[in-house]
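Secondary and tertiary structure notes
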Amino acid sequence: MNTYFHSVELEVDKCCGCTNCLKRCPTEAIRIRDGKAHILSERCIDCGECIRVCPHHAKKAHSSELEDINKFKYKVAVPAPSLYGQFNNLDNVNIVLTGLKALGFDYIFEVSRAAELVSEATRQLIKENKVNKPIISSACPAIVRLIKIRFPELCNNVIPLMAPIEVAARMARKKAVKRTGLKPEDIGVFFITPCPAKVTEIHTPNCVEKSACDGAIGISRIYPELTKAMDHLKDVESLGRSGLIGIGWATSGGESAGMLGEKYLAADGIENAIRILEELEDEHIRDVDFVELNACSGGCVGGVLTVENPYVAQARIQKLRKYLPVTLNHLEDGDLEKMLWEEELKFDADIFRLSDDIFKAMEMMDRMENICKGLPGLDCGSCGSPTCRAMAEDIVKGEAKETDCIHKLKEQIHRVYDQLKDTI
């Protein structure tokens, strides 16, 4: 079984076992046991939905500290375009980029530059009919992991291109080596991230052997220092090198707009994305070439590591794009091949394996089906499992018992009461 680093963590002392996260987790990765939530590592996709819905702030996302950049001789910031939507009255992205340099970064390489290259590469692959349609974007790591776990039949529809953050990090490191003459390991490349899924992607990437990023700093973590630095700038450097297509990737529909065509579909929010994936799996959606899915509402501007309301941030991004050129970055010979995945996207069957012994696994499956038939089918979550089927699975694994179901417990109490009543 693959072992994943997880950026989403549980603060047990704050957890009240309220089941909000249990009901909203898209991969049934949470259980409530002994009055506390437990995260099943193998199923968690670090989408951050549990952070979003927890009223007690018992979930948090881990990311790098700004001080971590000092471990390297040369520091590179790779900011997500969603960063631009966090600041009020911003009319020039160069203010943000110069502010990052004031915080100690030596070189800035926008993710939006790489996004424009990924958009062009996607258009080229669609034109050459080299991918299965409808094509699903690979940009959101939470969606990619969701497909691996819940929709394995759609793995071949995910476009085999590295996400813009990975493309940007590789390009930035290469340019930094050329600029400085330093060894690659002396250069620290840090992504400024809006969400925990991208933190996880850097540590345990999908379909590439190793990420070119050395860390990811949450937007919410760097925001106070960056705002202060921006307020005290004496000069603003011209550092921006991307157009409206690249910056548009910050919001839902921005990547699709970069296809420059009409046959696309964009959905945001994990529940909406799941509905689209279900319809794709059932082949109910056919008349589209490209499907953009974002786990966060509003797109990346809605990530749980941002600070601004996603719809306010979305409006700011639209305003910023208004006077930009369409694109400033184009593929050169050989670029497309360098952007392709190094490994195939595959379903991790070990996640749902009941036993390494196939005969025992089949017996457990039969028992699970029988238990499931005896449960009420309400999927209420009061047992500590998200659904009755998940409860049946937990029982056969020895992680729960039937009387954890309050309805089954009530039946047992009534039976005992009736037996006692007859003896009186």
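Now for a description of the structure that goes with this document. From a predicted model like this one, the values you see are computed outputs, not experimental measurements.

About the cut-offs
Residues numbered from 1 in each chain as written. Predicted model: local features only at pLDDT ≥ 70, side-chain atom pairs only at ≥ 80, totals over all residues. Heavy atoms only, no water. Helix = DSSP H or I, 4+ residues; strand = E, 2+ residues; numbered from the N terminus. Rg over C-alpha atoms; globule rule 2.2 N^0.38 Å. Buried < 20%, exposed > 50% of the residue type's maximum accessible area, 1.4 Å probe, protein only. Contact = heavy atoms within 4.5 Å. Pairing = 2+ DSSP bridges. Axes fitted to C-alpha atoms, helices over the stretch in contact; angles between N-to-C directions. Core = buried A, V, L, I, M, F, W, Y, C linked by side-chain atoms within 4.5 Å. Phe/Tyr/Trp six-rings, centres within 6.5 Å; stacked < 30°, edge-to-face > 60°. Patch = residues over 30% accessible without salt bridge, like charges linked within 9 Å, V, L, I, M, F, W, Y side chains within 5 Å. Areas by Shrake-Rupley, 256 points an atom, 1.4 Å probe, with all protein chains shown as cover. Salt bridge = Lys/Arg side-chain N within 4 Å of Asp/Glu carboxyl O. Left-handed = near helix turned anticlockwise from the far one by under 90°. Nonpolar A, V, L, I, M, F, W, Y, C, P; charged D, E, K, R; others polar.

Each helix and strand counted, the protein chain has 16 helices and 11 strands in total. Against the globule reference of 22 Å for 424 residues, the protein chain gives a C-alpha radius of gyration of 24 Å, in line with a compact fold. Within the protein chain, buried positions represent 54% of all 424 residues. Relative to all contacts within the protein chain whose residues are 6 or more apart in sequence, the contacts with residues 24 or more apart total 77%.

Attention now moves to the sheet that holds strand β5 (residues 74–79). Pairing within the open sheet is parallel, and its four strands lie in the order β6-β5-β8-β9. The open sheet is flanked by β6 (107–108) and β9 (215–218), the only strands paired with a single partner. Note that strand β8 (residues 187–193) and β9 share four bridges and pair parallel. If you follow Ile-192 over to β9, its bridge partner there is Ile-217. Strands β8 and β9 of the sheet are contacted by helix α8 (residues 219–231), whose axis makes an angle of about 65° with β9.

Moving on to helix α5 (residues 141–150). Burial analysis of α5 places nine of its 10 residues in the buried class, the great majority of the element. Regarding α5, the residues found buried are Pro-141, Ala-142, Ile-143, Val-144, Arg-145, Leu-146, Ile-147, Lys-148 and Ile-149.

What follows deals with the nonpolar core. If you look at the biggest cluster of nonpolar residues, it comprises 93 residues, and the most contacted ones within it are Val-76, Ile-136, Ile-143, Ile-147, Phe-191, Leu-277 and Leu-293. The element contributing the most residues to this core is helix α4 (residues 111–127), with eight residues. Sequence-distant contacts of Leu-293, defined by excluding residues within four places in its chain, comprise Ile-136, Cys-140, Ile-143, Ala-267, Ala-273, Ile-276 and Leu-277. Core analysis: the next-biggest nonpolar cluster, separate from the first, contains 30 residues, Phe-87, Leu-97, Phe-105 and Leu-320 among them.

One pass over the full model with this rule turns up three aromatic pairs. Taking 5.8 Å as the distance between ring centres and 75° as the angle between the ring planes, the aromatic pair formed by Phe-72 and Phe-190 counts as edge-to-face. Within this pair, whereas Phe-72 is found in the loop between β4 (59–61) and β5, its partner Phe-190 is found in strand β8, the two being separated by 118 residues in sequence. Classification of Phe-72 by relative accessible area gives buried; the value is 17%.

What follows is about a nonpolar patch on the surface. A surface patch of nonpolar side chains, amounting to about 370 Å² of accessible area, comprises Ile-358, Phe-359 and Met-362. Note that Phe-359 resides in helix α14 (residues 358–374). On the basis of relative accessibility, which here comes to 62%, the residue Phe-359 falls in the exposed class.

Glancing now at the packing of α4 against helix α6 (residues 164–180). Packing of α4 against α6 brings their axes to within 8 Å, and their N-to-C directions diverge by 115°. As for the relative orientation of α4 and α6, their crossing is right-handed in sense. Contacts between α4 and α6 involve Val-111, Arg-113, Ala-114, Ala-115, Leu-117 and Val-118 from the former and Pro-164, Ile-165, Val-167, Ala-168, Met-171 and Lys-175 from the latter. Tallied by class, the residues present in the contact of α4 with α6 amount to 10 nonpolar, no polar and two charged.

If you walk across this open sheet you meet the three strands as β7-β11-β10, and the pairing is parallel. Looking at strand neighbours, the two that pair on one side only are β7 (135–136) and β10 (264–268), the edges of this open sheet. By the bridge criterion, five bridges tie β10 to strand β11 (residues 290–294) in an arrangement that is parallel. Residue pairing across strands places Ala-266 opposite Glu-292, the latter belonging to β11.

Going from Lys-133 to Pro-134, the amide bond is cis rather than trans, its omega being -5°. On the secondary structure map, Pro-134 appears in the loop between α4 and β7. Phi is positive for Asn-129, which is not a glycine, with a value near 55°. For Asn-129, a relative accessible area of 57% corresponds to the exposed category. One non-glycine residue, Asp-379, lies in the positive phi region at around 50°. One can find Asp-379 in the loop between α14 and α15 (388–396).

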